[in-house]
Every structure is written in structure tokens, then in C-alpha cells.
Amino acid sequence: MASTIPLPPRPKRHWFRRFVLLLFGIVIVVSAFAFWRLRAPLPTVSGTERVDGLRAKVEIIRDVDGVPHIRASSEADALYALGYVHAQERLWQMEFQRRVAQGRLSEFAGPETLRADRLLRTVGLARAAQTAWHKLDAGTRALIEAYVAGINGFLATHRGGGLPVEFALLRVSPEPWRGEDVLAWHKAMAWSLSQNWSQELLRVRLSARIGDEAANELMPAYTRNGPIVLPPDAQRGPARTLPVPVQPMTPEPRPPAPGADAKGPALLADLEGLAELAASLPYGPVPGGGSNNWVVSGVRSVTGRPLLANDPHLAGQAPAVWYLAHITGGGLDVIGASLPGTPGILVGHNRHIAWGITAMLADVQDLYVERVNARDQVEYNGAWEQMTIVREVIKVRGEDDVPIRIRVTRHGPIISDALEKPQAALALRWTGLDEDDPTARAFLGVNLASTWAEFVTALAPVHVPTLNFVYADVEGNIGYIGPGAFPVRLNHDGSRPLPGWTSEYDWRGYLHESEWPTSLNPGRGFIVSANNKAVPDSYSFNLGTSWEAPYRAARIIEMLEGSSRLAVEDMARMQRDVRSAQARTVLPFLLRARPLDAASRDGMDRLQEWDGTLSGDSPEAALYEAWYEATVRGLFEDDLGSDLFAEYAPVRYVVAKAVDAIAQAGTTAWCDDVRTPEPETCDTLLGQTLRQAIADMGERQGTANISRWRWDAVNAAQFPHDPFDTVPALRWAFSRTVPRGGDGFTVTPVMPLHNRIFVSSYRQVIDLAALDASRFVIPMGQSGHVWSRRYADLLEKWDKVEYLPMRFTADAVDAALAERLVLEPN
């Protein structure tokens, strides 16, 4: 009988179950903590909060779309509440902007942002804000201080886990706000819209490489027959009430000044260094952009009252540039787009008037080549003047502090000192650095204006930036004014660096406000501005030497003139438009190509039938864009060299004007490739660029079959978060990308410029016959908190060019009430 061997007891698996349960518990705890940490900073939108600095109770009603409607008993308390709401929703954005303007990014970002900080410290945005603050009138300062008190009232009760998650991840704590911080961001925005100095850098480098005449061909001021914002028959108006100066200065435009040793090797090295620095900064106010605005009179509308549309184009970002708000208190009852970190409504309407803005692109900057010595003196009219020396310290996370030494001449800071090894002395004269800049008073004054005369008077303090304002009111008037500090120049046009050692090229003051371009109720019944040339050559003053290419303005005018009666929906349809006026100009030139293969012939056949609409699903749009880009390269890279072409090509509106002139002429020596012994004709070049374009786009699309291409497969609006877009592990959560149609020259744009994509950062359509019928929208959402449902809830509407109702009357607001927060004095 076989014996049975007993088996050992089966080991208990309790330890495994316990481990799984423990791990599961840890996951639950960590997830709960993460959920709490991300949810903790979300703003309180209901109930009552007691705050410091408020004079009387304020009610903040958020409607179903998350738009706050502030109801206060005074202007100061209304702006306090706006500051509080901005801090609730956009505190990290405001902190980041403030540090950009102050040149303090390196305190948390480390050495990566040192170059940006050095440049902006050298320019001196924060110093200019400080001097301007002390010269502001007491009334304006009081309103800004009320707004700042609202920000600080929020900060007083929100710390640590109550702050946006960016503060914790970057180990940053917000400091109390000051009035100077508000002006500093205004200076930063003005800097981004006043980039004439970078055009001077480019023009000089082009001249050094290919000569002055050729450089001028590549950088024309405007295009032949491009639309003018104020043609001669639209200038001025019967209701001008501005005073006329006793001795108005009306100099004629003069030719460019001598080159000021502009082709010397030391200066050229600094010009190249500054150009590279300005184009490669990882953060900061991005130079350039564009915008559209237009207004039509009641004669052209179905209601008999004006319609006004506006969409400012700025670099896409997350959260959005703007914040939608409605402010009521004292004399204020105004709704539209506010700028976090700034009091009031910058674009919108009140009970009586509506307005919109675009960048005018007037030339308000000049570069001066200075002669300096080792004693920190600068030559001027045969004598030596002492420069002002400013010493600052940049704190850099993880590294030693970096002391910087800034030299300032009568013309401004020597910005070449921002380079690591400057070889020359290049000073910047810019209106934004003037000690007296009361622009903040103007924007707050516009919020309170109720007539054309009050609107014009309110804008009298505008200094910088120079903007195109379109206007409409409930009485049926439409108008335009271009306010700002316009330098009066003699002996030069401001397009190149100037000798700083003589007074011959100094500014002779500013244009008097009575000479600003102005129009009221022009006979054609509409006004359009899209960064195109503001005034004709017959205007008494030279306002600038580089305007945006005319295509958006031309297309808007075409659509306005194509309809005898316009409604709000027609304005919205125009803001959706992606038909290219540029393609209509350039395509006939491209189609002269001599095709080199069957694919090229097929591509040309497709474009022959194409109507120029750059819709996202269009194969022809993708082909046209690829051909245009290849042609730009074929025309200019051989002459400029790959290095200078890489600097020239990204300034697309400049390139487009040069190509426009070539397309209208039909032939050009630029078609010849200087690197080959045989001369090429334009027909030959275009055949080569078409074949190259088809190959390049086929590779990007993943197929050589043109019919399967889509323009939006390679074209997108981008909304990067600063600074987490540079962190792959965080980018997915904080940044957004939306495939789009359109390009930089369509009314609804996707505009690559430098290292960002410019888009419609805000859209509004205002009906002066029924203000509640007006509409507006921003990309992304109202909230800057990544965990909020309002972080990106408007992106789909923005992408489809849909809108939120611009609820204005008390009945409309109350009918859409979602949350009510009451602020009471502590």
C-alpha cells in the first residue's frame, strides 16, 4: 500500500490583497489631493465676501456664459470689483505679464529668459511706467488705485493653495499690486505694437547685402492702389471741435537721412544681434500682429442705425488675452473686452457709443547711432554730454545675480547694450519712453463718453500706441480718429538708423491733435481699417513708412459694397470670411508658370478653377499656400543668402507687399537665380517652384494625391500657455491647438509671425439700434484656471465664429443670471 506524502500548507495571499488595497488607497488619496489642489483656486462666484478697500456693497452677477456684470454705486467701486474679478480668474496671467514688463522672468524661469529680461530692462518699460505714473492726474490715479485695491483685496485672503496652480509649480508668490504695474503692462502692449525699430534693423541689413534700391523694393511702404483708411473724400468732418494750434507744423516728407555709418562692420554686427534677439525671445510682448474694424452707417443697415465690428489680432495664448466684462457704477455702464491687469473696457460699447480699435502702425520709433567715449559721454553738436547710467540687478533662479548697466542718451537707452558683446552704441527713441504719457486717462475717459465730441476729447491724451478708432453712436453717427504722439521729422523719414551726434535728425515735437486723421459721417457710409495705410500721400504729414498689406481691408470693402443693406448676421459672416484677396492678385502671376510634369499641370488646372477661398478642407488652398511660399523662397533667397532670407521671410506682410509689386508688374529681375550661369525667366522659376511646392506639401500631407490634401491639416491656430507650453508633460493640459482655414491675409486670420500664431483675439459685432442684439466672443474661455470648466469652453464657438450674447440691459442680464457674488466692505 502506497504511503501518502502530505502537501505543505498553501501560503496565504493576504499580503498581496493588503498591498493592492494600500496601493489603491494611495491612488485615491493622491487623486483626491490633486483634485482638491486644482479645484481649490477656483473663484467663489456665489454668496457674500467681505473685503478691504471697498467703500460700498458691490454685486457681481455672472451670466450663464460666465460673463460678470458688475453693479456698483460708484466708478471707483466698480473698478475695484473688476480688479477683484480679474484676480479671481486670471491671476497667473497678470503675474506673468507684470514680470515680463519688469524684466523679472528669470527669477522663476532661470537663465533661459535672461536675454529677454536684459532687453526689456534695457528698454526700460518699468522705468517708463514709473515716471508716467507720477505725472498722471490725480483723478486717473485714483481710479487705477481703486482697481489695484481690488486685486490686493483678493490677494489678502488668498494664499498658498488658494492661488492658481502655476504659482505652486513654479514656486512663485504674488506681490501686492501697484499703480505702476498697470502702466507697465500698457507699456509692454505698446511696445509690441510699435516695432518700427526692428524694420530699421532689417532695412539696413538688406541694404548692406543687396544695396539701397533693391532693399527698398523688398520693403515697400505700401502697395499700388491699396485701399486707404481715410481717402481724401473721407477726411475730417463737419463736427470737429478740436482747437487749432497757433503755429501748426506742416513739414513735407523728406528723403531718408544719410546712413549714419550704417554699413560699418561693428554696427552691422549689433544690428544682426538685435534682430536675432528680438525674434527669438521665448516670452514677452510679441511684436507685430494686425486687426480689423469697420463701421457702417444707418444708410447701409437694415435697422437704419450703425453697425460696428472689430476683431483685434494678437498672438494666441492660453488663457485668452482679453476678459469679457460689463461694468456699471457711477457714470460707468460699459461692456466689452477688458485686459487683465488694466482697469476699464478697452473695446466695446456703453449706453450711447461703441468703438473698435486696430493698430495704426505709425512710425513712433527711431534708432540713433551714437558716438560715445570711455567716460560715459556722448557727442552731440560738437560737445560731449554725460549719459545717465542706470544700474539694475537681474535675479536668476539657480544662478548668481546678474548686474546690468544701462546707458541712456538724450535719444533714449542704448539698446545695443542688451547684447552680450555690443560693438557699437545704438540708442532707441520711442514715444513710449516719454516721461509724460497720460494714455491711461484716455481709455478710462472713452468708457464715459456719450457723444462724438466727448469721444474725441477723451482720446486727446492718447500717447502710445497709435491706434485706429472707429466709432458709432445711438444717434446714428459714425466716425474715425487716429490719436497718438506722431513724431514730426525733418530731413528724414524714419526708415533707417540716424546720426545721433547732430540735432539735424532730432524730432521737432509731436503732431498737434487738431491735425490727427479724423472723419465723421463720410459720404460712402462706412469706414474700414485693417492696419492698411491710414491716409493718402496728399496728407500733410508722413505718419509711417510701413503699412500692412492691403488684402484684409480690400476684402472687407468688397463685401460691404456687395450689399445695400447689412444686418448683424452679415457682420458675423464677414468675420468668418476666408476668401483671399491676395490670391486674386498673386495667382494670375503664378499661373504663368511653365509646368514641368503632369502633377504640376494637374495643380495648375485645379487653381484655374479655384475661387481663392482658404477653407480648411480645401486641397487648392494647401497647394496655393505651398506654391506661394516656394515662390517667395525662389525669388529672394538666392540674393539674400539663407541667413538673411530666414530673417526676412517671417515678416510676411512686408514680403507680401514686395510680391504684390512683382505680380502687378508681371516680370522682374528677381526671378533670375544669381547662383546659376544662365538667366531664368519668371515662367521658368514659377514652374520650378510649383514642382517643389507639390513635393513639399505632399510630404507634409502624407500623400502625393492633391485631391486628398486639406489646408487645415497643416494650418492651425495655437494657444500656448506661458510658460508651460515649453514643458511637454504639461503642454497637453494647459495649451490648445485648433486646425483652421484662412491665412495671414484673410479677414479671419491664422497669421504666423516670428515664433507665434496671431489670431482674432476678440470679436464683437455691435448693433446701435438694439444693444442687446450685439454679440462678442474670445478664444479659450473666461477662466485662467486649467481645472475650470470655463478654461476653454469658448474655443469651439470661437473656431466656428459663433458668439455670446452681449447682454447689456438689466432685464437681459437678470434673465440669464447664473451666480451672484456680493462684495461688502470689511
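Here, the structure is the one placed above.
Structure report, in brief.

Each value, and the rule that gives it
- Residues numbered from 1 in each chain as written.
- Predicted model: local features only at pLDDT ≥ 70, side-chain atom pairs only at ≥ 80, totals over all residues.
- Heavy atoms only, no water.
- Helix = DSSP H or I, 4+ residues; strand = E, 2+ residues; numbered from the N terminus.
- Expected span 1.5 Å × (residues − 1).
- Buried < 20%, exposed > 50% of the residue type's maximum accessible area, 1.4 Å probe, protein only.
- Salt bridge = Lys/Arg side-chain N within 4 Å of Asp/Glu carboxyl O.
- Disulfide = S-S within 2.5 Å.
- Contact = heavy atoms within 4.5 Å.
- Pairing = 2+ DSSP bridges.
- Axes fitted to C-alpha atoms, helices over the stretch in contact; angles between N-to-C directions.
- Core = buried A, V, L, I, M, F, W, Y, C linked by side-chain atoms within 4.5 Å.
- Parallel < 35°, antiparallel > 145°, perpendicular 65-115°, else oblique.
- Left-handed = near helix turned anticlockwise from the far one by under 90°.
- Nonpolar A, V, L, I, M, F, W, Y, C, P; charged D, E, K, R; others polar.

1. Structural notes on helix H9 (residues 196-210)
Residue pairs three or four apart in sequence face the same way in an α-helix, which turns once every 3.6 residues.
Logical step 1: In this model H9 runs 21 Å from its N-terminal to its C-terminal C-alpha over 15 residues, within 8% of the 21 Å that 1.5 Å per residue would give.
Logical step 2: Here H9 lies mainly inside the structure; eleven of its 15 residues are buried.
Logical step 3: When H9 is considered as a whole, its buried residues turn out to be Asn196, Trp197, Gln199, Glu200, Leu201, Leu202, Arg203, Val204, Arg205, Leu206 and Ser207.
Logical step 4: Of the residues flanking the end of H9, it is Gly211, one or two places downstream, whose phi is positive at about 95 degrees.

2. Some points on the pattern of salt bridges
Logical step 1: Under the criterion given, the structure shown has 54 salt bridges.
Logical step 2: Of the charged contacts in the structure, one is a salt bridge between Arg209 and Asp643, with a shortest N-O distance of 3.2 Å. Here Asp643 lies in helix H18 (residues 619-648) and Arg209 lies in helix H9, a separation of 434 residues in the sequence.
Logical step 3: In the salt-bridge network here, residues are joined through shared partners; they are Glu95, Arg98, Arg99, Arg104, Glu107, Glu175, Arg178 and Asp181.

3. Some details on the state of the cysteines
Logical step 1: Taken as a whole and assessed by the stated rule, the structure comprises one disulfide.
Logical step 2: Paired through a disulfide, Cys671 and Cys682 show a sulfur-sulfur distance of 2.1 Å. Taking the sign of the S-S torsion, 95 degrees for the link of Cys671 and Cys682, the bridge is right-handed. Taken together, the positions of Cys671 in the loop between helix H19 (652-665) and helix H20 (682-701) and Cys682 in helix H20 put the pair eleven residues apart, joining distant regions of the chain.

4. Regarding helix H11 (residues 265-280)
Logical step 1: When the terminal C-alpha atoms of H11 are compared, their 22 Å separation across 16 residues agrees well with the 22 Å that a helix rising 1.5 Å per residue should span.
Logical step 2: Three or more residues of H11 are buried, namely Leu267, Asp270, Leu271, Gly273, Leu274, Ala275, Leu277 and Ala278.
Logical step 3: Against the buried residues of H11 lie helix H4 (114-123), H9, strand E10 (365-369), strand E16 (426-430) and H18.

5. Description of the sheet that holds strand E17 (residues 467-473)
Logical step 1: Reading across the sheet, the eleven strands line up as E1-E29-E2-E3-E6-E7-E8-E9-E17-E18-E20 and stay open at both edges, with mixed pairing between neighbours. Each end of this open sheet is capped by a strand with a single partner; those strands are strand E1 (47-51) and strand E20 (518-520). The average undirected angle you get between the axes of adjacent strands in this sheet is 15 degrees.
Logical step 2: Against the sheet, helix H2 (residues 75-102) touches E1, strand E2 (58-63), strand E3 (68-71), strand E6 (323-329), strand E7 (332-338) and strand E29 (817-825), its axis set at about 155 degrees to E6.

6. Let's talk about the sheet that holds strand E19 (residues 498-499)
Logical step 1: Strand order in the open sheet made by the three strands is E16-E10-E19, with mixed pairing throughout. Two strands bound the open sheet, and with one partner strand each, they are E16 and E19.
Logical step 2: With five bridges joining them, E10 and E16 adopt antiparallel strand pairing. Along E16, the bridge assignment pairs Tyr368 with Ala427.

7. Remarks on the nonpolar core
Logical step 1: Counting residues in each nonpolar core, the largest one holds 186 residues, and the members touching the most others are Trp322, Phe455, Leu560 and Leu823.
Logical step 2: Of the residues forming this core, the biggest block, 14 residues, is contributed by H2.
Logical step 3: Discounting residues that sit within four places of it in the chain, Leu560 has contacts with Trp294, Val296, Arg300, Phe526, Val528, Leu566, Met571 and Met574.

8. Quick word on the packing of helix H17 (residues 598-608) against H18
Logical step 1: At their nearest, the axes of H17 and H18 sit 10 Å apart, and the two run at 115 degrees to each other. Between H17 and H18, the angle falls in the class roughly perpendicular. Crossing angle aside, the handedness with which H17 passes H18 is left-handed. Counting all contacts with H17, which are made through Gly603, Met604, Arg606 and Leu607, the residues of H18 involved are Glu620, Leu623, Tyr624 and Trp627.
Logical step 2: Residue composition of the contact of H17 with H18, by class: five nonpolar, one polar and two charged.

9. Some thoughts on the environment of Gly304
Logical step 1: Summarising the element assignment, Gly304 is placed in the loop between strand E4 (290-296) and strand E5 (307-315).
Logical step 2: Expressed as a C-alpha distance, the spacing of Gly304 and Leu566, which sit 262 residues apart in the sequence, is 9.7 Å.

10. Looking at unusual backbone geometry
Logical step 1: Between Ala318 and the following residue, Pro319, the backbone shows a cis peptide bond with an omega angle of 0 degrees.
Logical step 2: Mapped onto the elements, Pro319 comes out in the loop between E5 and E6.
Logical step 3: Omega for the bond connecting Asp722 with Pro723 falls within 30 degrees of zero, at 5 degrees, which places this linkage in the cis form.
Logical step 4: Looking at the element boundaries, Pro723 is found in the loop between strand E22 (716-719) and helix H21 (728-734).
Logical step 5: Even without glycine at this site, Asp376 takes up a positive phi of about 60 degrees.
Logical step 6: For Asp376, the position within the fold is in the loop between E10 and strand E11 (377-380).

11. What to know about the pairing of E16
Logical step 1: Most of E16 sits inside the fold, with five of its five residues counted as buried.
Logical step 2: Burial along E16 is two-sided: the face carrying Leu426, Leu428 and Trp430 and the face carrying Ala427 and Arg429 are both buried.

12. A word on the packing of H2 against helix H6 (residues 138-155)
Logical step 1: Between H2 and H6, the least distance of the axes is 7 Å, while the angle of their chain directions is 50 degrees. Between H2 and H6, the crossing angle belongs to the class labelled oblique. Along this stretch, H2 crosses H6, giving a crossing that reads as right-handed. Contact residues: H2 offers Glu75, Ala76, Leu79, Tyr80, Leu82, Gly83, Tyr84, His86, Ala87, Gln88, Leu91 and Met94, while H6 offers Leu143, Ala146, Tyr147, Ala149, Gly150, Ile151, Gly153, Phe154 and Leu155.
Logical step 2: Of the residues contributing to the contact of H2 with H6, the split by class is 15 nonpolar, five polar and one charged.

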